[in-house]
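Chain by chain, the residues:
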Amino acid sequence: SGFNFGGFGLTANPAVNFNIGNFGVSTTSTPPFNFGNSLASAGAFGGFGTTATTAGPAFSFSAPTNTGTSGLFGATQNKGFGFGTSFGTGTGTGLGTGLGTGLCFGFGTQQQQTTLGGGLFSQPAQTPAQSNQLINTASALSAPTLLGDERDAILAKWNQLQAFWGTGKGYFSNNIAPVEFTQDNPFYRFKAVGYSLMLDNKDEDGFMVLVFNRKETDIRSQQQQLVESLHKILGGSQTLTVNVEGVKTLTDDQTEVIIYVVERSPNGTSRRVPTMTLHTHLEQPNIKSSLQQLGVSLSMTRTEFSPAQLKQYLQNPPIGVDPIIWEQAKIDNPDPEKLIPLPMVGFKELLRRLKVQDQMTKQHQTRLDMISEDISELQKNQTTTMAKIAQYKRKLMALSHRTLQVLIKQEIQRKSGYAIQADEEQLRVQLDTIQCELNAPTQFKGRLNELMSQIRMQNHFGAVRAEERYYIDADLLREIKQHLKQQQEGLSHLISIIKDDLEDIKLIEHGLNESIPIRGGVFS
């Protein structure tokens with residue numbers, strides 16, 4: 001993964017719950033872990049019907065009625081997720097030359113959230129306190145009037161430095177309290193953009209994530225008690241079943257448990273409770289307190305972005321992110337189908353991501369080690385199986401020979417006393433012919449013996465060559481080559497002389513043969 005800090009301003013608006021990977025809400029306290037606490041405050045179960053609920057001990061997994069607002073997360077019961085005007089354009093100076101590849105894990109930053117009315121991407125109204133806070137921040141950074149002289153300019157620069165660093169207080173007036181600078185202010189510089197893995201779970205799957213402040217071993221050892229406790233929190237109805245989809249280790253000795261709830265109807269059918277319905281119920285104050293008694297520090301949904309939500313998120317840069325940087329982040333996305341740009345604020349967030357990356361690397365290495373062990377075990381099993389197959393083949397061949405011998409003896413006894421028939425005589429002749437061909441010296445048997453002898457000789461010479469190895473010095477090798485070359489030249493010269501002599505001898509013989517008839521004619 002790679003991150004480039006370029007000194008641009010980026011913040012997550014505290015009026016928005018910003019959690020890309022899980023869409024959840026962070027709880028405020030972590031009580032002692034106990035699976036045996038009384039859970040009577042959860043209330044009685046009322047079923048998954050369509051009856052609207054307003055107050056009282058009974059509850060339902062149907063959507064509660066809202067007054068004065070409309071949309072998916074209206075009224076004060078909204079504890080879901082959404083993106084409002086806090087994803088607008090902010091101030092910044094640039095991110096650098098690149099954005100890196102980021103981390104590909106489903107997680108994000110959990111921050112305080114407020115009620116969003118009128119739909120998922122509605123724009124919450126800005127309160128007077130927020131307006132005053134913005135005005136005071138601008139005054140502290142640009143025109144403080146604390147001292148009334150040229151020192152106010154130095155104070156403004158000091159306030160800007162504190163805002164860039166994200167810590168300290170900005171004094172700007174004698175009559176107004178100073179501004180508290182945190183990492184959430186729009187001018188905080190230590191920010192970057194990474195990437196997070198988009199989930200592919202739908203609301204109908206009903207997956208809910210509960211983060212426990214306990215180790216994975218403790219959760220797994222008490223998993224059955226955990227399921228029973230969650231069932232009691234949901235009312236203890238016989239029509240509900242709590243199921244654990246998976247358990248995964250997180251950083252800082254935390255454990256992520258993925259659950260889903262199945263509701264059975266009287267006619268025998270069953271369905272999963274939708275994720276947002278289950279999340280809305282678990283976010284009720286009495287239910288949340290019961291979850292905290294179980295050691296739950298965070299509850300999150302696990303649903304995917306809709307195309308409209310994804311488009312809205314990518315088109316509106318988060319506050320403090322330069323639109324150019326945000327566009328570049330979208331261009332540099334290594335896998336737009338699976339990854340989504342995600343701003344990171346501060347070194348703690350970067351450290352957390354590095355811890356998560358290190359943890360995932362260890363998990364991947366553990367998985368690779370397990371796969372390697374499985375492969376080694378499979379190789380051993382394969383070797384053993386091959387040896388058994390060869391053994392069984394030999395055994396089958398021996399049994400076949402024994403069976404053939406038994407059949408021969410049985411056939412001999414059956415044919416005893418009978419004369420040899422014509423087909424048997426023909427078969428005997430064919431067998432004798434084949435036997436003669438095999439035993440012929442120039443046929444198959446002789447060739448096989450010759451091949452066997454050649455193989456033995458090659459093996460013998462190969463073993464000798466493998467044992468005897470000679471090394472010749474380069475100068476000596478060069479002298480031997482020169483000497484052999486001279487010998488070759490001498491032999492070539494001798495061969496040429498012999499050829500010339502042979503031609504002379506042939507010429508002499510030809511002359512003698514021509515002179516003999518002439519002499520005979522003279523003497524006659």
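Being a predicted model, the structure only gives us computed values, none of them experimental.

Here is what the cut-offs are and how they apply
- Chains are numbered independently. Their residues run from 1 in the order of the written sequence.
- Per-residue local features of the predicted model are confined to residues with pLDDT of at least 70, and side-chain atom pairs are confined, for both listing and counting, to 80 or more; whole-chain, interface and lining totals are unaffected and use all residues.
- The basis for the side-chain values is all heavy atoms of the structure; hydrogens and waters are excluded.
- Where helices and strands are cited, they refer to DSSP runs of H or I of at least four residues and of E of at least two residues respectively, numbered from the N terminus.
- Note on exposure labels: buried denotes an accessible area under 20% of the residue type's maximum, exposed denotes more than 50%, and partly exposed covers the range between, all computed with a 1.4 Å probe on protein chains only.
- Basic side-chain nitrogens of Lys or Arg form a salt bridge, by our definition, when they fall within 4 Å of a carboxyl oxygen of Asp or Glu.
- Contacts described as polar in this section are N or O atom pairs within 3.5 Å, which, within protein, must combine one atom able to donate a hydrogen with one able to accept it, while residues neighboring in sequence count only if both atoms come from side chains.
- The term nonpolar core refers to a set of buried residues drawn from Ala, Val, Leu, Ile, Met, Phe, Trp, Tyr and Cys, joined through side-chain atoms within 4.5 Å.
- Each patch is built from residues that are more than 30% exposed by relative accessible area and take part in no salt bridge. Like charges join if they lie within 9 Å; nonpolar side chains (Val, Leu, Ile, Met, Phe, Trp, Tyr) join within 5 Å.
- What sets the accessible areas is the Shrake-Rupley method with a 1.4 Å probe; for residues, cover comes only from the shown protein chains.

Undergrad: I keep staring at the side chain of S297 and nothing clicks. Help me out?
TA: For S297, the location among the structural elements is in strand β9 (residues 296–301). Residue classification places S297 among the buried positions, given a relative accessible area of 10%.

Undergrad: So what exactly am I meant to see when it comes to the pattern of salt bridges here?
TA: Side chains carrying opposite charge are able to pair once their charged atoms draw close together. According to the stated counting rule, one finds 16 salt bridges in the structure shown. Note that R353 is salt-bridged to E349, the shortest N-O span being 3.5 Å. On the criterion of helical spacing, the pair formed by R353 and E349 is a turn pair, its members being four residues apart in helix α9 (residues 346–415). Exposure class is identical for R353 and E349. Each is buried. The residue R414 makes a salt bridge to E411 at a minimum N-O spacing of 2.4 Å. Taken together, the residues R414 and E411, both in helix α9 and three residues apart, mark about one turn of the helix. Of the residues examined, E411 reaches a relative accessible area of 36% and is grouped as partly exposed. The network of salt bridges with shared partners includes K248, E256 and R302.

Undergrad: Explain the environment of S416 to me, please; I cannot follow it from the model alone.
TA: With respect to the secondary-structure elements, S416 resides in the loop between α9 and α10 (422–439). Residue class for S416 comes out partly exposed when judged on its relative accessible area of 49%. Separated by 2.8 Å, the side chain of S416 and the backbone oxygen of Q413 make a polar contact.

Undergrad: When you look at the nonpolar core in this model, what are you seeing that I'm missing?
TA: For soluble globular proteins, the rule of thumb is that nonpolar side chains tend to be buried together. In this structure, F212, L230, L282 and L291 are the most contacted members of the largest nonpolar core, which totals 22 residues. With four residues, helix α4 (residues 223–233) is the largest single contributor of residues to this core. In terms of nonpolar packing, the next biggest core, distinct from the first, is built from eleven residues, Y195, V321, I340 and L342 among them.

Undergrad: What exactly am I supposed to notice about a nonpolar patch on the surface here?
TA: A contiguous nonpolar patch, built from L427, L431, I434, L438, F444, L448 and L451 and spanning about 670 Å² of accessible area, is present on the exposed surface. If you list the elements that add at least two residues to the nonpolar patch, you get α10 and α11 (444–467). When residues in the nonpolar patch are grouped by element, the largest group, four residues, is from α10. In this fold, L448 is placed in helix α11. On the basis of relative accessibility, which here comes to 53%, the residue L448 falls in the exposed class.

By themselves, these are just geometric observations and shouldn't be taken as functional.
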